[in-house]
Amino acid sequence: MADRDLLRALRQAVGAEHVLTAVEDRLCHSHDATFRDALPDLVVSPGSTAEVAAVVRLAAAHRVPLTPRGAASGLSGGAVPLHGGIALSLTRLDRILAIDVAGRRAVVEPGVVTAAQAAAAWEAGLFYPPDPASARMSTVGGNVAECAGGPRGLKYGVTRDYVLALEVVLPDGTVAEVGDPLDGEGCGPDWAMLLVGSEGTLGIVTRITLRLVGRPAAQRTALAIFDRLDDAAAAVSATIAAGVVPTTLELMDGATLRAVEAYLHAGLPTDAEAALLVELDGTPGAVEAQLRQVDEAFRRQGARDVQVAGSPADVERLWRARRAISAACGQLNPTKISEDATVPRSRVPALVREVGEIARRHGVKMVVFGHAGDGNLHPNVLTNRDDPAEMERAEAAIGDLFAAALALGGTLSGEHGIGCMKAPWLERELGAAGMALGRGVKEALDPAGLLNPGKMFTFGAAPVAPPREPGQTGWHAA
Ligand SMILES: Cc1cc2nc3c(=O)[nH]c(=O)nc-3n(C[C@H](O)[C@H](O)[C@H](O)COP(=O)(O)OP(=O)(O)OC[C@H]3O[C@@H](n4cnc5c(N)ncnc54)[C@H](O)[C@@H]3O)c2cc1C
């Protein structure tokens, strides 16, 4: 069949209005939240699992690459259609199908916005802990594909810990139900875990059964200011060593504080080297006792001020700074490269020091913030993609950052995934055997290599289909 026939078949499968070929629509689907972009040949938005499967079968029959995407808030280039072909938008699959209070489960479609899912669980008296900072835009499907984490990861874990079962469309169009919907009663390997974090390279998630937990009865929030970054990093370890596991333990370095203050004018200290935002939850008595322990540990490590929120408005005020970081950094420089190199908690001070040295060595602007409680830091390079010399220095700094994280016993990515942005470094972390395993699984499930090509284990592989130019293909003329 010619491309014109494919286009006709796609329109039949999902409805003509859900197949977009105009260049402005393709541009809107050419990027994620990184600076990487690539134009898809067309954008297809199926409205059901059957439609997803039909699109996958058509793509397979025509050997057309297919890149799934949710809200495109990804920070590793995962949803960028590197090899062109179809950008498969899952955002029409946006129904919350069930909140099962007795079974403590939610069943949702992949295009549901993370915060909407969490709010529905909360209204039903339950709690969905994973809370990526992007929760108001990211989708649950994207969270599953990236195994998203967030500030609450320290106490509650990451998306993987809440996925019970998945419905998935495999690269040949088969629809499979995988996982353990009965939470501990299933048989055989838990194949859902193979899909979590596979970044849209092994299958397209079309329905998700999530574990929910009980709502915490009480919550307290505090912000501590430190004159020395090393003291703040040491306070993180001291808190955990004191036997307290906060829900959240977020670090902001001095450069981050100054960027946020310039943006918000919220009265943040611009002379401090660091701040720690801590949140505790549990029973009221336990939370108050833990708050006293944290306060003591922070002050012992040199905190010059510990502000405890006394009202919901206060909580909001303390969180405002953390939530404004991305926007504030964006105001300083046009391009913000957000990394999530993660190290064992005890090595947080060492990584923070390394970041300062790397920034100085390469003459680039870097800030550090992130989920310090679980060692998941976000060193960000603030740069300008239109300045090639500066971008070269930024790339070199990022290479050194990854090398430092691995040398400290850490990982390239604590939560943002590998995509294409970190793929060149993946072998350094996994080794040759790990790469061979990853490639073997990919080849077994997707021998034609059509699903999200150029990411993770297929980075650098030859294009799976000849490049197509608009006008030559018949798609855009049809
Ligand atoms: C300001 C900001 C803050 C952020 N904070 C955090 C944070 O705290 N923690 C964190 O973990 N991440 C964070 N992120 C990164 C990002 O939001 C997460 O990776 C999120 O999970 C991506 O969801 P998405 O719907 O935008 O997915 P997309 O970016 O659209 O896609 C991400 C990947 O998932 C695949 N994919 C999407 N949907 C499906 C599906 N249904 N089936 C199969 N594959 C699919 C895509 O192919 C791609 O590889 C942040 C991003 C921004 C911009």
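Cut-offs used in this document
- Residues numbered from 1 in each chain as written.
- Predicted model: local features only at pLDDT ≥ 70, side-chain atom pairs only at ≥ 80, totals over all residues.
- Buried ≥ 20, exposed ≤ 12 C-beta atoms within 10 Å, placed from the backbone.
- Helix = DSSP H or I, 4+ residues; strand = E, 2+ residues; numbered from the N terminus.
- Pairing = 2+ DSSP bridges.
- Domains from an automatic or database assignment.
- Contact = placed C-beta atoms within 7 Å.
- pLDDT = per-residue confidence, 0-100.
- Axes fitted to C-alpha atoms, helices over the stretch in contact; angles between N-to-C directions.
- Parallel < 35°, antiparallel > 145°, perpendicular 65-115°, else oblique.
- Nonpolar A, V, L, I, M, F, W, Y, C, P; charged D, E, K, R; others polar.
- Near = placed C-beta within 6 Å.
- Expected span 1.5 Å × (residues − 1).
- Arc of directions from axis to C-beta.
- Core = buried A, V, L, I, M, F, W, Y, C linked by C-beta atoms within 7 Å.

*Asks:* Summarise the pairing of strand 4 (residues 86-89); cite the residues concerned and give the values.
*Replies:* Of the two faces of strand 4, the one lined by Ile 86 and Leu 88 and the one lined by Ala 87 and Ser 89 are each fully buried. Pairing of strand 2 (residues 42-44) with strand 4, which is carried by three bridges, proceeds in the parallel orientation. In the strand pairing of strand 4, Leu 42 is matched with Ile 86. Note: strand 3 (residues 66-69) against strand 4, four bridges, orientation parallel. Residue pairing in the sheet places Pro 68 in a bridge with Leu 88 of strand 4.

*Asks:* Can you tell me about the domain arrangement of the chain, naming the residues and giving the values?
*Replies:* Its domain assignment divides the chain into domain 1 (96-214), domain 2 (216-323) and domain 3 (333-417). Between the C-alpha centres of domain 1 and domain 2 there is a distance of 29 Å. Contact residues are listed per partner, giving seven residues for domain 1 and eight residues for domain 2. With three residues, the single largest contributor to the side of domain 1 that touches domain 2 is helix 6 (residues 153-156).

*Asks:* Quick rundown of the pairing of strand 12 (residues 218-226)? Include the residues and the values.
*Replies:* The element strand 12 is largely enclosed, with a buried count of seven among its nine residues. Sheet analysis places strand 12 next to strand 14 (residues 274-282), joined by nine bridges and oriented antiparallel. Within strand 14, the position partnered with Ala 222 by the bridge is Val 278. Of the pairings in the sheet, the one linking strand 12 to strand 15 (residues 303-308) comprises five bridges and is antiparallel in character. Within strand 15, the residue paired with Ala 224 across the bridge is Val 306.

*Asks:* Explain helix 9 (residues 254-264) residue by residue, including any values.
*Replies:* Taken as a whole, helix 9 has its buried residues at Gly 254, Ala 255, Thr 256, Leu 257, Ala 259 and Val 260. The inward-facing, buried residues of helix 9 contact helix 8 (229-241), strand 13 (248-253), strand 14, helix 11 (312-323), helix 12 (325-332) and strand 17 (365-371). Of the residues flanking the end of helix 9, it is His 265, one or two places downstream, whose phi is positive at about 50°.

*Asks:* Which residues make up the confidence of the model for the chain, and what values do they have?
*Replies:* Summarising the model, the chain shows a mean pLDDT of 93, and 96% of its residues fall at 70 or more. In the predicted structure, residues 469-478 sits below a pLDDT of 50 and forms 18 contacts with residues beyond four places in sequence or in another chain.

*Asks:* Which residues make up the packing of helix 9 against helix 12, and what are the values?
*Replies:* At a minimum axis separation of 8 Å, helix 9 and helix 12 run at an interaxial angle of 85°. In terms of their interaxial angle, helix 9 and helix 12 are classed as roughly perpendicular. Within the contact between the two elements, helix 9 uses Thr 256, Ala 259, Val 260, Ala 262 and Tyr 263 and helix 12 uses Ile 325, Ala 327, Ala 328, Cys 329, Gln 331 and Leu 332. Classifying every residue of the contact of helix 9 with helix 12 gives nine nonpolar, two polar and no charged.

*Asks:* Which residues make up the site of the ligand, and what are the values?
*Replies:* The immediate surroundings of the ligand are formed by 36 residues, with Gly 70, Gly 74, Gly 78, Gly 142 and Gly 200 found nearest. Those elements that place two or more of their residues in the shell around the ligand are strand 3, helix 5 (140-146) and strand 10 (204-211). Ranked by residues supplied to the shell around the ligand, first place goes to helix 5 with five residues. Here the residues of the shell around the ligand are counted per class, giving 14 nonpolar, 17 polar and five charged.

*Asks:* Pulling in residues and values, what's your account of helix 1 (residues 3-14)?
*Replies:* An α-helix turns once every 3.6 residues. As a result, residues three or four positions apart point the same way. A rise of 1.5 Å per residue sets the reference length of helix 1, with its 12 residues, at 16 Å; its end C-alpha atoms lie 17 Å apart and thus fit the reference within 8%. Leu 6, Leu 7, Leu 10 and Val 14 are the residues of helix 1 that are buried. Along helix 1, the residues classed as buried sweep out an arc of 100° about the axis, all on the same side. Residues of helix 1 that are buried in the fold lie against strand 1 (19-20), strand 2 and helix 3 (49-62). Just past helix 1, the residue Gly 15 takes up positive phi, approximately 100°.

*Asks:* Let's hear about the nonpolar core: which residues, and what values?
*Replies:* Looking at soluble globular proteins, one finds that nonpolar side chains tend to be buried together. Counting 76 residues, the largest nonpolar core has Ala 275 and Leu 276 as the members making the most contacts within it. Considering every element that reaches this core, the biggest residue donor is helix 14 (residues 388-407), with seven residues. When residues of this core are assigned to domains, at least three map to each of domain 2 (216-323) and domain 3 (333-417). Leaving out residues up to four positions away in the same chain, Ala 275 has contacts with Leu 223, Ala 224, Ile 225, Phe 226, Met 252 and Leu 257. Of all hydrophobic cores here, the second largest spans 57 residues; its members include Val 56, Val 108, Ala 148 and Leu 202.

*Asks:* Explain the packing of helix 1 against helix 3 to me, and be specific about the residues and the numbers.
*Replies:* With their axes 9 Å apart at the nearest point, helix 1 and helix 3 run at an angle of 170° to one another. In terms of orientation, helix 1 and helix 3 fall into the roughly antiparallel class. Judged by residue contacts, Leu 6, Ala 9, Leu 10, Ala 13 and Val 14 of helix 1 engage Glu 51, Ala 54, Val 55, Leu 58 and His 62 from helix 3. Each residue belonging to the contact of helix 1 with helix 3 can be placed in one class, and the counts come to eight nonpolar, one polar and one charged.

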